[in-house]
Amino acid sequence: MPGMKNMRKEDAALEIERLHKELDRHNYLYYVLAKPVISDYEFDRMLEKLIELEQEFPDLRTSDSPTQRVGGWITKEFPSVTHRERMLSLSNTYSIEEVGDYYKRVLKLLPQGSQSGNGPAFVAELKFDGVAVSLLYRDGKLVRGATRGDGVQGDDITPNIRTLRSVPLRLRGISGETLFSGGYDAEIEVRGEVFMRKEDFTALNGSRPEDEQFANPRNATAGTLKLQDSAEVARRKLFFVAYYLKSAPFDDLPHHERLKELEYLGFYTGGHYRLCYDIEDIYGFIRDWHEQRWKLPYEIDGVVLKLDDVSLWAELGATSKSPRWAIAYKYPAQRARTVLVSVVFQVGRLGTITPVAELEPVKLAGTTVSRSTLHNLDEIERLDVRLNDTVEIEKAGEIIPKVISIVKEERPENAAIITVPEVCPSCGTPLERPPDEVNVYCPNEETCPAQVKARLEHFASRNAMDINGMGKAVIDQLVNSKQVYDAGDLYTLALENLLTLDRQGEKSAANLLQAIDDSRKRGFDRVLFALGIRHVGLATARELASAYGSLDTLRKASAEQIAEVPDIGPVIAESVHLFFKKPSAARMIEKLRTAGLCFTAAKPAAEGGHVFDGMSVIFTGGLERHTREKAADLVHERGGKVVSSVSKNTDLVVAGARPGSKLEKALKLGIKVISEVEFEEMVGKSVGSG
Ligand code: IVH
């Protein structure tokens, strides 16, 4: 950055505060008001500038700086914390009549004269389907984020919560412009729901091995918040929506005004709440969202009603689990009945056979469904499902519909037994069922057209090489016409080849060719994921890429060596090792190499810097100056690899804050241990000076 080097400290302090404020403001515009005024690129540039300045003046870096969202990583279990006030749940009802009864009950319980107009006013809100968390702010700064746990004690997941850009690290109004009317308490508690948007959920699942996919966004959220790697949490793009504020300065405000205050403080509330003055208003809100909810970018599973007059909350009290001043109405499960027309057996990219039900089209959860998964061959037997049966389907996470049961009473005369294939529907090879597995496989890995096509689809998919236009239809034709056998062949396609395909004009063929060409730029981790190795999702590919630094080093590694990489277990390690031993993989890899795909992580080794040549390095404890990924990059750029478990093969241990048992083990084994500062010196010295 010109002009930034050798800045005077006073000027740097001013510039840091300016950038900090600007970044906070843009975050607010983006997350709370949903009206961004700059691009993500511009935001990132500004953030980079701040990072650079803070690196030059480390003592000007504060814990609430926007650069401090992704810290190191947590090595230990999450500490247990006690909530300031019990975190209650809500009593649920699926019946609209019960909502009416509840309303009347509250009316009776309340002291005379406390209601305005027709009855007590309620705030109707959306019921977000995620994970409840409590945030604690002291002097306007986020000091703690915790899960509900058993309501009394939860897990302190602050490092993960800090990565959510919709969670302000410092409250607005404390950064100079006081926006809310009251003063502020030394301690402010905000509760709300962490959730994943549908689109991010789909992308996340797309980046995971088939057998590790999350059933719905809520499970994905819960799984993500439990991760001990906050950099991965950051990547998964969770959101926080605030629905509860309890702290001294806001005690006198009715609930709907507290929601407004939350927005002033910098929180996202979703904005879809309504102050209802009578039961008809409430019914109206429930009705409106019944259909509208499918248009939301996230999932809701109902509506929450909260008595607006907070001064009456104590009077109504609570049961052991839930307060009496609120109730949740849950929309009925998204199920529908329809007729099973036929079953097709799909062959996945790893040869797995999946029965797919073809259905009479039926409306479900905002879309028309005509196909649904039956999971595996055992499921057909378990459900005792026949052709022409009436089946009940459900949308798991409102994304993938599945058949959950059959309606036996409605079984027609012509119900026919489903014949399960014994040979692959694509290539005719006898199917195999490994012992102890529910899945049946086509063992013809190399030439089964269905597997070849599915592998290519995976290769071209968004999280992998992201080749726009290389969809199912194109791949089908390329394989059928024997122009493509594996992903390597995509890079030798010429315009003439593409013009032979149906519905490919000059323009679309040229675009596709360009998209193939552009994909050469994808990073090594994406390439590794695109190869389609069993059990290797994008996160695992990243770990491998970062630990080994190049495809050729990884190929030479034994399964035991691969298993030393953080988060890589023996099953994955074995799978990776086996993949590289296959002659077909070797052939494809050579074609991809010729095509110029990226086979090494990040930049080439820093000039003159091979300080870690051939070394196995371990990080333990929290790093303060680098993220886990950055530190790993620094190691492999300089010839080393990063492993997770200490053994006699370990060469160096870098101990950060609160190092764990690895440090003890390393000391016992007499392995060299250095501090983060010493690590930086090693890295620094190696740059340029050699
Ligand atoms: S209020 C004491 N409001 O639903 C009342 N909860 O089934 C605290 N939830 O534990 C909760 N949206 O995790 C409230 N607008 C909303 C909500 C909401 C989702 C969740 C929350 C709660 C669960 C109860």
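Relevant structure appears above.
Predicted, not measured: the structure shown is a model, and the values here were computed from it.

K.L.:
Any details on the overall build of the protein chain? Residues and values, ideally.
P.N.:
Each helix and strand counted, the protein chain has 25 helices and 20 strands in total. The C-alpha atoms of the protein chain give a radius of gyration of 29 Å, which matches the 26 Å a tight globule of 690 residues would have. Its C-alpha atoms give the protein chain principal-axis dimensions of roughly 85 × 85 × 55 Å. Residues counted as buried form 51% of the 690 residues belonging to the protein chain.

K.L.:
I'd like to hear about helix 12 (residues 449-460), residue by residue, with values.
P.N.:
Structurally, the α-helix is built with 3.6 residues per turn, so residues lying three or four positions apart point the same way. For helix 12, spanning 12 residues, the distance from its first C-alpha to its last is 16 Å, which sits close to the expected 16 Å at 1.5 Å a residue. Summarising burial for helix 12: nine of the 12 residues are buried, a large majority. Buried within helix 12 we find A450, Q451, V452, K453, A454, L456, H458, F459 and A460. For helix 12, the elements touching its buried residues are strand 12 (335-347), helix 13 (472-480), helix 14 (487-490), helix 17 (524-530) and helix 22 (583-594).

K.L.:
Go over the packing of aromatic side chains, please, and point to the residues and values.
P.N.:
Tallying each qualifying case throughout the model produces 19 aromatic pairs. On the numbers, 6.4 Å between centres and 15 degrees between planes, the contact of Y244 with W325 is stacked. Placement of the pair is Y244 in strand 8 (residues 239-246) and W325 in the loop between helix 10 (313-316) and strand 11 (326-330), with a sequence separation of 81 residues. With relative accessibility at 11%, the residue W325 sits in the buried group. Cluster of aromatic residues (ring-pair linked, three or more members): Y30, Y31, F128, F195, F239 and Y298.

K.L.:
Provide a residue-level description of the pattern of salt bridges, including the pertinent values.
P.N.:
Taken as a whole and judged by the stated rule, the model has 49 salt bridges. Taking the shortest distance from any N to any O, the salt bridge between R191 and E189 comes out at 2.8 Å. When sorted by exposure, R191 lands in the same class as E189, which is buried. R208 is paired through a salt bridge with E212; the nearest N and O atoms lie 4.0 Å apart. Since its relative accessible area comes to 18%, R208 is described here as buried. Put simply, R84, R138, E187, E189 and R191 are held in one network by salt bridges that share partners.

K.L.:
Describe the site of the ligand, with residues and values.
P.N.:
Surrounding the ligand, one finds 15 residues, the nearest of these being E125, F128, R148, E193 and K306. Look at the ligand: alone it shows 530 Å² of surface, and the protein chains cover 92% of it. Elements that contribute at least two residues to the shell around the ligand include exactly strand 3 (122-128) and strand 10 (300-307). For the shell around the ligand, the per-class residue count stands at nine nonpolar, one polar and five charged.

K.L.:
Which residues make up the packing of helix 18 (residues 538-548) against helix 23 (residues 628-637), and what are the values?
P.N.:
It is at 7 Å that the axes of helix 18 and helix 23 come closest, and there the two elements cross at 40 degrees. The pairing of helix 18 with helix 23 is recorded here as oblique in orientation. Residue-level inspection shows R542, E543, A545 and S546 of helix 18 in contact with helix 23, the latter providing R628, E629, A632 and H636. Split into classes, the residues belonging to the contact of helix 18 with helix 23 amount to two nonpolar, two polar and four charged.

K.L.:
Describe in detail the nonpolar core, supporting the description with residues and values.
P.N.:
Of all hydrophobic cores here, the largest spans 56 residues; its most connected members are F459, I467, M470, L490, Y491, L528 and F580. For this core, the element with the highest residue contribution is helix 18, accounting for six residues. Residues in contact with I467, not counting those within four places in the same chain, are F459, A460, L490, Y491, L512, A515, I516 and S519. Counting 37 residues, the second largest nonpolar core, distinct from the first, contains A124, W289, W325 and I327.

K.L.:
Please give an account of a negative patch on the surface that cites residues and values.
P.N.:
Taken together, the side chains of E210, D211, D436 and E437 define an acidic patch exposed on the protein surface. Structurally, D436 can be placed in the loop between strand 16 (400-406) and helix 12.

K.L.:
Just give me the short version of the environment of K104, but keep the residues and values in it.
P.N.:
As for its position among the elements, K104 is in helix 3 (residues 96-109). Assessed through its relative accessible area of 53%, K104 is described here as exposed. Once the C-alpha coordinates of K104 and A12 are considered, the two residues, 92 residues apart in sequence, prove to be 61 Å apart.

K.L.:
An account of the packing of helix 3 against helix 9 (residues 279-292) is requested, with residue identities and associated values reported.
P.N.:
Two elements in contact, helix 3 and helix 9, have axes whose closest approach is 11 Å; the angle formed by their N-to-C orientations is 150 degrees. Taken as axis vectors, helix 3 and helix 9 run roughly antiparallel relative to one another. Viewed along their axes, helix 3 and helix 9 form a crossing whose handedness is right-handed. Together, I96, V99, G100 and Y103 of helix 3 and I279, I282, Y283 and I286 of helix 9 make up the contact between the two elements. For the contact of helix 3 with helix 9, the per-class residue count stands at seven nonpolar, one polar and no charged.

K.L.:
Go over unusual backbone geometry, please, and point to the residues and values.
P.N.:
Of note, D466 is a non-glycine position whose phi angle comes to about 50 degrees, a positive value. Tracing the chain through its elements places D466 in the loop between helix 12 and helix 13. Phi is positive for K482, close to 55 degrees, though the residue is something other than glycine. Mapped onto the secondary structure, K482 falls in the loop between helix 13 and helix 14. You can call K482 exposed: its relative accessible area is 58%.

K.L.:
Could you give me a rundown of the environment of P430, with the residues and numbers involved?
P.N.:
Within the fold, P430 resides in the loop between strand 16 and helix 12. Residue P430 is classed as exposed on the basis of its relative accessible area of 53%. Note: C-alpha distance between P430 and N444 (14 residues apart in sequence) is 9.0 Å. In this structure P430 touches E422, V423 and P443, once residues within four positions along its chain are discounted.

K.L.:
Please give an account of the sheet that holds strand 20 (residues 672-675) that cites residues and values.
P.N.:
Taken together, the four strands give an open sheet; going across it, the order is 18-17-19-20, and neighbouring strands pair in parallel fashion. Single-partner strands in this sheet number two, and they are strand 18 (641-642) and strand 20. Here strand 17 (residues 616-620) pairs with strand 18 via two bridges, running parallel. Residue V617 lies in a different strand from strand 18, and its bridge partner there is V642. The sheet strands contacting helix 24 (residues 661-669) are strand 17, strand 19 (652-655) and strand 20, and the helix crosses strand 17 at an angle near 135 degrees.

K.L.:
Hey, could you go over the pairing of strand 19 for me, with residue numbers and the actual values?
P.N.:
Burial along strand 19 is two-sided: the face carrying L652 and V654 and the face carrying V653 and A655 are both buried. Pairing of strand 17 with strand 19 involves four bridges; the strand directions are parallel. Note that in strand 19 the partner of F619 across the bridge is V654. Strand direction decides the pairing type here: strand 19 and strand 20, joined by four bridges, are parallel. Within strand 20, the position partnered with V653 by the bridge is V673. Running through helix 24, the crossover from strand 19 to the neighbouring parallel element strand 20 is right-handed.

K.L.:
Residue-level account of the sheet that holds strand 8, with values.
P.N.:
Taken in spatial order, the four strands line up as 5-4-7-8 in an open sheet, and their pairing is antiparallel. Lying at the two open borders of the sheet, with one neighbouring strand each, are strand 5 (141-147) and strand 8. Going from strand to strand, the sheet's axes swing by 30 degrees on average, the running direction of each strand aside. Examined bridge by bridge, strand 4 (residues 131-138) and strand 7 (residues 187-195) share eight bridges and lie antiparallel to one another. Across the sheet, the residue bridging to R138 is E187, located in strand 7. Those strands touched by helix 6 (residues 217-225) are strand 4 and strand 7, and its axis lies near 45 degrees from that of strand 4. Running over the sheet, helix 8 (residues 255-264) touches strand 7 and strand 8 and is turned about 130 degrees from strand 8.

Conventions and cut-offs
- Residues numbered from 1 in each chain as written.
- Predicted model: local features only at pLDDT ≥ 70, side-chain atom pairs only at ≥ 80, totals over all residues.
- Heavy atoms only, no water.
- Helix = DSSP H or I, 4+ residues; strand = E, 2+ residues; numbered from the N terminus.
- Rg over C-alpha atoms; globule rule 2.2 N^0.38 Å.
- Buried < 20%, exposed > 50% of the residue type's maximum accessible area, 1.4 Å probe, protein only.
- Expected span 1.5 Å × (residues − 1).
- Contact = heavy atoms within 4.5 Å.
- Phe/Tyr/Trp six-rings, centres within 6.5 Å; stacked < 30°, edge-to-face > 60°.
- Salt bridge = Lys/Arg side-chain N within 4 Å of Asp/Glu carboxyl O.
- Near = heavy atom within 4 Å.
- Areas by Shrake-Rupley, 256 points an atom, 1.4 Å probe, with all protein chains shown as cover.
- Nonpolar A, V, L, I, M, F, W, Y, C, P; charged D, E, K, R; others polar.
- Axes fitted to C-alpha atoms, helices over the stretch in contact; angles between N-to-C directions.
- Parallel < 35°, antiparallel > 145°, perpendicular 65-115°, else oblique.
- Core = buried A, V, L, I, M, F, W, Y, C linked by side-chain atoms within 4.5 Å.
- Patch = residues over 30% accessible without salt bridge, like charges linked within 9 Å, V, L, I, M, F, W, Y side chains within 5 Å.
- Lys, Arg positive; Asp, Glu negative; His and termini not counted.
- Charge placed at Lys NZ, Arg CZ, Asp CG, Glu CD.
- Left-handed = near helix turned anticlockwise from the far one by under 90°.
- Pairing = 2+ DSSP bridges.
- Right-handed = clockwise from strand over helix to strand, strands pointing away.

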